[in-house]
Every structure is written in C-alpha cells, then in structure tokens.
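Descriptive structure summary
Here's the letter readout for the chains.
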Amino acid sequence: MEKILLVVLGSTPAPNALEFACGLSGMSRSKLAGYFFESSQYTTLPNMKTVYGMPYVETILSSDMPDYDEKRRKMEEHIRLFQSTCDQKGIPASVHHMEEPVLKGLIDESRFADLAIVDAAASYKPGNVDGPSPFIKELLAAAQCPVVIAPSINTDVDEIVFCYDGSPSALFAMKQFTYLLPELTDTKGTIVQVKKNDELPAAEKRSATAWLSRHFSYADYVTLEGNPEDELITFLLKKKSCMVVMGAYGRNMVSRFFRHSHADLLIRTLAYPLFITHY
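Below is a short write-up of the structure. No experiment lies behind these values; they were computed from the predicted model shown.

Looking at where Pro228 falls in the secondary structure, it is placed in helix H7 (residues 228–237). Separated by 34 residues in sequence, Pro228 and Val194 place their C-alpha atoms 5.3 Å apart.

All buried positions along H7 are accounted for by Pro228, Glu229, Leu232, Ile233, Phe235 and Leu236. Along H7, the residues classed as buried sweep out an arc of 160° about the axis, all on the same side.

All right, on to the side chain of Ser110 then. The topology assignment puts Ser110 in helix H3 (residues 102–110). The contacts of Ser110, once residues within four sequence positions are left out, are Leu5, Ala143, Gln144 and Cys145.

It is worth spelling out the packing of H3 against helix H4 (residues 134–142) at this point. At a minimum axis separation of 10 Å, H3 and H4 run at an interaxial angle of 25°. As judged from the angle between their axes, H3 and H4 are roughly parallel. You can see that H3 and H4 cross each other, and the crossing is right-handed. Contact residues: Val102, Leu103, Leu106 and Ile107 in H3; Phe135, Glu138, Leu139 and Ala142 in H4.

Attention shifts here to the environment of Val7. Secondary-structure assignment places Val7 in strand E1 (residues 3–9). On the accessibility criterion, Val7 (7% relative accessible area) is buried. Once the C-alpha coordinates of Val7 and Ala116 are considered, the two residues, 109 residues apart in sequence, prove to be 7.2 Å apart. For Val7, the contacting residues outside a window of four places in its chain are Tyr35, Phe37, Leu106, Ile117, Val118, Asp119 and Phe135.

Inspection of the entire model under this criterion finds 5 salt bridges. Here Lys104 makes a salt bridge to Asp108, at a shortest N to O gap of 2.9 Å. Of this pair, Lys104 and Asp108 are both found in helix H3, 4 residues apart, which corresponds to roughly one turn of the helix. The class for Asp108 is partly exposed, based on a relative accessible area of 34%.

Look at helix H5 (residues 168–180) against helix H6 (residues 202–215): their axes get within 12 Å of each other, and the N-to-C directions meet at 5°. For the element pair H5 / H6, the angle class is roughly parallel. Here Met174, Lys175, Thr178 and Tyr179 of H5 come into contact with H6, specifically with Trp211, Leu212 and His215. A per-class count over the contact of H5 with H6 returns 4 nonpolar, 2 polar and 1 charged.

What counts and how
Residues numbered from 1 in each chain as written. Predicted model: local features only at pLDDT ≥ 70, side-chain atom pairs only at ≥ 80, totals over all residues. Heavy atoms only, no water. Helix = DSSP H or I, 4+ residues; strand = E, 2+ residues; numbered from the N terminus. Buried < 20%, exposed > 50% of the residue type's maximum accessible area, 1.4 Å probe, protein only. Arc of directions from axis to C-beta. Contact = heavy atoms within 4.5 Å. Axes fitted to C-alpha atoms, helices over the stretch in contact; angles between N-to-C directions. Parallel < 35°, antiparallel > 145°, perpendicular 65-115°, else oblique. Left-handed = near helix turned anticlockwise from the far one by under 90°. Salt bridge = Lys/Arg side-chain N within 4 Å of Asp/Glu carboxyl O. Nonpolar A, V, L, I, M, F, W, Y, C, P; charged D, E, K, R; others polar.

So this is what it looks like as structure tokens:
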C-alpha cells in the first residue's frame, strides 16, 4: 500500500483508531492522511436557500452555536495528537481539515487511496436501530477503496476471518485483503460459511481452501448452519485476536448484518477490525 486515509469525527476521541492506523501504516510503510471534520447542520458561510419558492439567506452559521468553540478545541487537540503520534512513530503523515460537503470530499480522496479507516465508536449513533450512522452507511456504500472499521480496543491479529457465501464479492474481498496486506498472511486464515438451505459444492470448498492455503501459513474452512446473520454474529462474538473480512456493502448479508439487533453491541465493543470492500 501507498496511502491510508484515517477519517476522524472532530468531537469524538479516537485514540484506538489512531493506534490501529499507525500500526497498519508502519507495517506496510504507507503514508497516513488524517481527515478531520465536525459534522454540523449549519454552514460555515451564509448561503442562499429557498422555502416555498421564496429565496432567503441562511444567516445561522456553525460558528454561532454555543458549543462551537468547544468542538473546535477538541478537534485541534485530536489533530495535535495525530501529528505528535505519527512523528514519534516515524510515520509520514498529512492533516486535512474538511469542510462541507465532507462525504463528497472523502469519496473523491478514496479514489486515490488504498485503504480508509474509520473509528468504531463514531460509526454508530446512540439509539439508532437501523445500523451505522447515515454518514458511515454512505461512506461504506460509495467509497472507492476498502474501508476498515477500527476496533474499540487494539489487540494483536492472529487470525483473518473471511465471511464467505460463494459470491464474487466475497471472493473479491478475500483477494483485495490479501493483496493489500500481505504482511498479515503469516497468520491463520479462516473461511466461514453459513449454510441456510443449500451448501456450497464440495469442489468450490476445496478450491477456496486451496487458494487460502497458498497465501496463509494455516488455512481452515468452517461451515455453520442456521440463519446467516444470527450464526455469523454468534461466531464472531467468540473471536478476539482476529480481523474480519466482508464483501461489498449493499443489499446483501453485510448490510443485513449491520441491521441485526446484536450488531450494535458487536461494533461498539469491537475487539477486532472489520475490512469491507466492493466488487
């Protein structure tokens, strides 16, 4: 890899995401670019809006809000922490303070990046039963590079768990991860497939396991039975020192997984990173 993006919500402490990003950057000798922003319903400059066909100028700015100075101070603290941590670890880094529209800017930057990292704590809104925050949902769906949700606690990675359903997107995710992070192939690689009705052909299982064994020091294939989302979450909740790889975020098992009643708990207390990519 050459470039990793670290997405930091300004008012949300993310020392875990920073440590994780620095670990990947140092391991792969990649440049780390920190993108800091503070989401607001107000703009930084007056602009023209329309209500019932009548134009008016929006004069309420984000800087007029009572908590503006405090949020700005926290963001500056996080930027200083980012810069000092990268300096101490000898990691080449750059800082970018993003203005609205933040999402479009990040999507544009992701076109020329190898990986984007977001903080697990920032990926969920309190009380949101529909999965990640709208911002993270859109980023996962539109990012033009793989996205990693950083763990809430940093631990060593001893196993890579590939969520596999036989789809092209699942196999593509396996390849993307392996080619981007060959430094992590000296671990155990596990393919986990959940069988609901039909099981994958034996020949495909052998091919998938053979591919994995050519890239990892130890390869395993685990088949679970039952509802895919229930069984997958139960399986992952028992894991600790691993990294989980999933296929494209869209109308498939990955998006349904995030809407599961226990997915909120899983992400908030994430003990391992989630690697999500597109096909």
